[in-house]
Amino acid sequence: MSESESILRGHFRDMPQQRDASSLGMWVFLATEVMFFGGLFLTYTVNRAAYPAIFAQASRQLDVTLGATNTAVLICSSMTMAMAVYFSQKGKRTALVISLLLTMGLGLVFLTIKGMEYAEKFRHHLVPGYNFQYAPASAGPAQLYFSLYFGLTGLHALHMIIGLGILTAVLIEALRGRYTPEYSTPVELSGLYWHFVDIIWIYLFPLLYLIDLHR
Amino acid sequence: MSTAQTLTLPRKNYLNEGYGLKSWLLTTDHKRIALLYLVSITFFFFIGGFFAVLIRLNLLNPAGTLVSAETYNRLFTMHGITMVFFFLIPSIPAVLGNFLIPMMIGAKDLAFPRLNLLSWYIFVLGGLFTLYSQLAGGVDTGWTFYTPLSTIYSDSHVVAAALGIFITGFSSILTGLNFIVTIHTMRAPGMTWFRLPIFVWTHYATSIIFILGTPVIAVTLGMVALERVFHLGFFNPALGGDPVLFQHLFWFYSHPAVYIMILPGMGVVSEIIPTFARKRIFGYSFVAAASFGIAVIGFLVWGHHLFVSSQSAYAAMTFSFLSYLVAIPSAVKVFNWMGTLYKGSISYDTPMLYALGFIGLFVIGGLTGLFLASLGLDVHVHDTYFVIAHFHYIMVGGAVMAYLGGLHFWWPKISGRLYPEGLAKFAALVLFIGFNLTFFPQFVLGYMGMPRRYHSYPPEFQILNVMSTAGASILAVGYLLPMAYFIWSMRYGPIAASNPWPATGLEWQTSSPPPPENFEETPVVTWEAYDFNRPDIKALLAAQAAAASSQD
């Protein structure tokens, strides 16, 4: 009981109030994030509707195997994150630490593969504003496609990096034994954030990689 | 005021809790953060005002000989950017909302006090980018950053200004997030949703726009900056992009941003009018719900900025219809304020003068908005001074009037002191006259066809332009006066009672200035909002009446 009192911040009445506030705060933040990505998704939608053939052709330049691998990696990381939340609520510290480490490891695998893909685009002169070269007839819209590819996946990767930072902080607190069945809000909320970032990727993968594969 | 001499300032309050610079810069007290915002936005207000003065001086003369056309472009751009993003949007929410919302709902602080301080630092950081862009030579795209002017042709400091707005957006988002969570989770026992002051309702609606609109402008200006630096083609038709898409994205935020400015003002007016009519607000639930009506419909009207931008006729008709629809919740509010005044026991204290001024000017601004929402007429007055006059009636006549009215109304609570009432009434009058003299001629100018954003004009428009500039100089006096006597009153003003008007909100139940934790003990609410029949309010009203009759 004394433990939970030290966790309670002075301006809250009790723990349930503090938990409600934190959790609602994260949900509201995620609503903002949806709109933040929304501007880019809208730009994608408008331009793909304008140039469906060139977008489909440009999507062939992406490596579907690497993209699919990354999708699988992220889905697994969502599972290990869900396990972390579960173990923190059950008060199993070792299992919590292992789940967090697994999640972070999978996140790093994702970023490494993403980095490999980016490097390939640099080699193939597909980086807008840096070395973009493409068939002259469709260069403009294809550059739009790759601008959106880098914009969307770059913003997503930035969110992954921030997520890894958050998980590092959570991991340190977990190692200190800060989380108990009475107090596991930070694990739950970073889990919400992590799942959100995964869901963004679940939209990005088909929109960027798969639009020409049904033919 | 014989009672004033017996009053003393509360021994321990949020102002004397600590004195060093550190006690302010590292504070997490929402009241102190509100004052940090007050100082910073006042700074930006005077910068924006400085640009306005130069604009008006240049327009004294039809040839516009004071500054070159290029300089003039930079002046109106920086006036717009500074006033919109660094004064109007944070004004009432970040200062009065920050200060009052926790007290109005009986909480010790906002839900996330450190996030609140962070949002102020983010605001300052964004402000520094904007200041840099101004000192380095300014921006000349207009505050709207239309592409491809902003992405290709402009040779001014677009990226720094866009980044400044991008960064400051996150300060708005965090403030909105904090308000929503606070209003949901931090209400005192007995403070049910329908006992909340209307001020809190309007800030909830405003916060929804902060949360859902601001990220869109952030990502849009981010794309503009990327396109400009890396020569991408999002909005460049030569590379397959679409400049009209920029206009859609920009106005998706920037039209609702108008409601960010006016909704909190409506909240302020909804507090002032019942207080000085000594009457419960008429149609409480309708006034509360109308805030959400405005916020929701306000998200669906942005296309009325694109009537002449190659938008399809069907889209234009839909946006025109939806724009008319916003008039309904706005009118609900105005008529309910009228209903509150009807048979009220009205006194004309300074805040009330501002509130009444707000109603009149907002009605003019709102009705001329209907002119602009109509497809045919808008083609005629689009991009003329008619538009300038319309939105200044909303933003200056509405939002700034409400902000100043709110500052006067809550000044005794904020500072613990009273401002000089006679001088304040005089300043309110000066402001009202100066404002109308500045902006009413612009309706006529616009209707006669004078376009906005030109540094010179045909000589037949000179008389109206001279009237407008004369009005602006009167308006400037009206702004400087309150600033002077507010600063004076912080040291020399008579000490204020905890509930000087009297008003019914919880914020008036605690001492002036409030203690750091707002209330000695958490209040328990057993009364409805604006209940002037409460025994303590009745006693204060009776004492006020007795003091008034003994003076006669």
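Source: prediction; values computed, not measured. Each residue is numbered by its place in its chain's sequence as written, counting from 1. Lettering of chains starts at A and numbering of ligands starts at 1, both following the order in which they are written. Where totals are concerned, whole chains, interfaces and linings use all residues; where local detail is concerned, this predicted model gives features only for residues with pLDDT of at least 70, and gives and counts side-chain atom pairs only at 80 or more.

**A few points about the overall build of chain B**
Condition: Secondary structure elements follow DSSP: runs of H or I of four or more residues count as helices, runs of E of two or more count as strands, with numbering from the N terminus. We compute the radius of gyration from the C-alpha atoms alone; for a globule the expected value is 2.2 Å times N to the 0.38, where N is the number of residues. With C-beta atoms placed from the backbone, a residue counts as buried when 20 or more other C-beta atoms lie within 10 Å of its own, as exposed when 12 or fewer do, and as partly exposed for counts between those limits.
For chain B, the count of helices and strands is 17 helices and 0 strands. Whereas a compact globule of 552 residues would reach a radius of gyration of roughly 24 Å, chain B reaches 23 Å, a difference of no more than 12%. C-alpha atoms of chain B, sized along the principal axes, occupy 70 × 45 × 45 Å. Relative to its full complement of 552 residues, chain B shows a buried share of 56%.

**Comments concerning the overall build of chain A**
Short version of the rule: Here the contact rule is simple: place C-beta atoms from the backbone, and any two residues whose C-beta atoms are within 7 Å are in contact.
When helices and strands are tallied, chain A shows 7 helices and 0 strands. Start at the N end of chain A and walk to the C end: the helices and strands fall as α-α-α-α-α-α-α. With respect to the principal axes defined by its C-alpha atoms, chain A has extents near 70 × 30 × 30 Å. For chain A, the residues scored as buried account for 35% of the 215 residues in total. Here the analysis covers contacts within chain A between residues at least 6 apart in sequence; of these, 76% occur between residues at least 24 apart.

**Concerning the interface of chain B and chain A**
Where we set the bar: Nonpolar residues are Ala, Val, Leu, Ile, Met, Phe, Trp, Tyr, Cys and Pro. Charged residues are Asp, Glu, Lys and Arg, and all others, Gly as well, are polar.
With 30 residues of chain B in contact, the opposing surface of chain A contributes 26 residues. Of all the secondary-structure elements, those providing two or more residues to the side of chain B that touches chain A are α7 (158-185), α8 (198-230) and α9 (243-277) of chain B. Per-element accounting of the side of chain B that touches chain A gives the leading share, 8 residues, to α8 of chain B. Looking at the side of chain B that touches chain A, its residues break down into 20 nonpolar, 7 polar and 3 charged.

**Describing unusual backbone geometry**
Residue and element names in this part refer to chain B. Residue Pro502 is reached from Trp501 by a cis peptide bond, and omega for that bond is -5°. Mapping Pro502 onto the fold places it in the loop between α16 (462-492) and α17 (535-551). Of note, the phi angle at Arg453 is positive, near 70°, even though the residue is not glycine. Among the secondary structure elements, Arg453 is positioned in the loop between α15 (421-448) and α16. The class for Arg453 is partly exposed, based on 13 C-beta atoms found within 10 Å.

**Some points on α15 of chain B**
Using the following cut-off: A helix's residues, less one, multiplied by 1.5 Å, set its expected span.
For α15 of chain B, spanning 28 residues, the distance from its first C-alpha to its last is 41 Å, which sits close to the expected 40 Å at 1.5 Å a residue. Of the residues one or two after α15 of chain B, Gly449 of chain B is the one with positive phi, at around 110°.

**Thoughts on the environment of Met317 of chain B**
Counting through the fold element by element, Met317 of chain B comes out in helix α11 (residues 313-341). A sequence separation of 14 residues divides Met317 of chain B from Gly303 of chain B, and the C-alpha atoms of the two residues are 9.5 Å apart.

**Here we look at the confidence of the model for chain B**
Rules: Every residue is assigned a pLDDT by the predictor, reflecting its confidence on a scale from 0 to 100.
Looking at chain B, pLDDT values average 95 and 99% of them are 70 or higher. Across residues 1-5 of chain B, confidence stays below pLDDT 50; counting only partners more than four residues off in sequence or on other chains, it has 3 contacts.

**Side note on the packing of α9 of chain B against helix α12 (residues 350-373) of chain B**
Residues and elements named next belong to chain B. What counts, and what does not: Every angle, taken between N-to-C directions, lies between 0 and 180 degrees, and every axis is a line fitted to C-alpha atoms, over only the stretch in contact when it is a helix. Put simply, angles under 35 degrees are roughly parallel, angles over 145 are roughly antiparallel, angles from 65 to 115 are roughly perpendicular, and the rest are oblique. Handedness of a crossing is defined here by the sense of rotation of the near helix relative to the far one, left-handed for an anticlockwise turn of less than a right angle and right-handed for a clockwise turn.
Packing of α9 against α12 leaves a shortest axis separation of 9 Å and a crossing angle of 125°. One finds that α9 runs oblique with respect to α12. Judged by the twist between their axes, the crossing of α9 over α12 is left-handed. Taken together, the residues of α12 that come into contact with α9 (itself represented by Gly265, Val269, Ile272, Ile273 and Phe276) are Pro351, Met352, Ala355 and Phe358.

**Notes on the environment of Ile474 of chain B**
All names here are of chain B. Mapped onto the elements of the fold, Ile474 is located in helix α16. With 17 C-beta atoms packed within 10 Å, Ile474 lands in the partly exposed category. Ile474 sits 365 residues away from Asp109 along the chain, and the two C-alpha atoms are 40 Å apart. With sequence-adjacent residues up to four places away left out, Ile474 is seen in contact with Val430, Ile433, Gly434 and Leu437.

**Focus: helix α5 (residues 113-135) of chain B**
Residues and elements named next belong to chain B. Here α5 is 23 residues long and its end C-alpha atoms lie 33 Å apart, about the 33 Å a rise of 1.5 Å per residue gives. Along α5, the positions that sit buried rather than exposed are Pro113, Asn116, Leu117, Ser119, Trp120, Phe123, Gly126, Gly127, Phe129, Thr130, Ser133 and Gln134. As for α5, its buried residues are in contact with α3 (30-58), α4 (69-104) and α7. In the segment just after α5, Gly137 is the residue with positive phi, at about 135°.

**Describing the packing of helix α2 (residues 15-50) of chain A against α8 of chain B**
Their axes nearest at 8 Å, the elements α2 of chain A and α8 of chain B cross at an angle of 35°. With respect to the hand of their crossing, α2 of chain A and α8 of chain B are arranged in right-handed fashion. Between α2 of chain A, through Val28, Ala31, Thr32, Met35, Phe36, Gly38, Gly39 and Leu40 of chain A, and α8 of chain B, the contact on the second element is made entirely by Ile211, Leu212, Pro215, Val216, Ala218, Val219 and Thr220 of chain B. Class assignment for the residues of the contact of α2 of chain A with α8 of chain B results in 11 nonpolar, 4 polar and no charged.

**Brief notes about the environment of Ile208 of chain B**
Along the chain, Ile208 of chain B falls in helix α8. Measuring from C-alpha to C-alpha, the distance between Ile208 of chain B and Glu421 of chain B comes to 36 Å, with 213 residues separating the pair along the chain.

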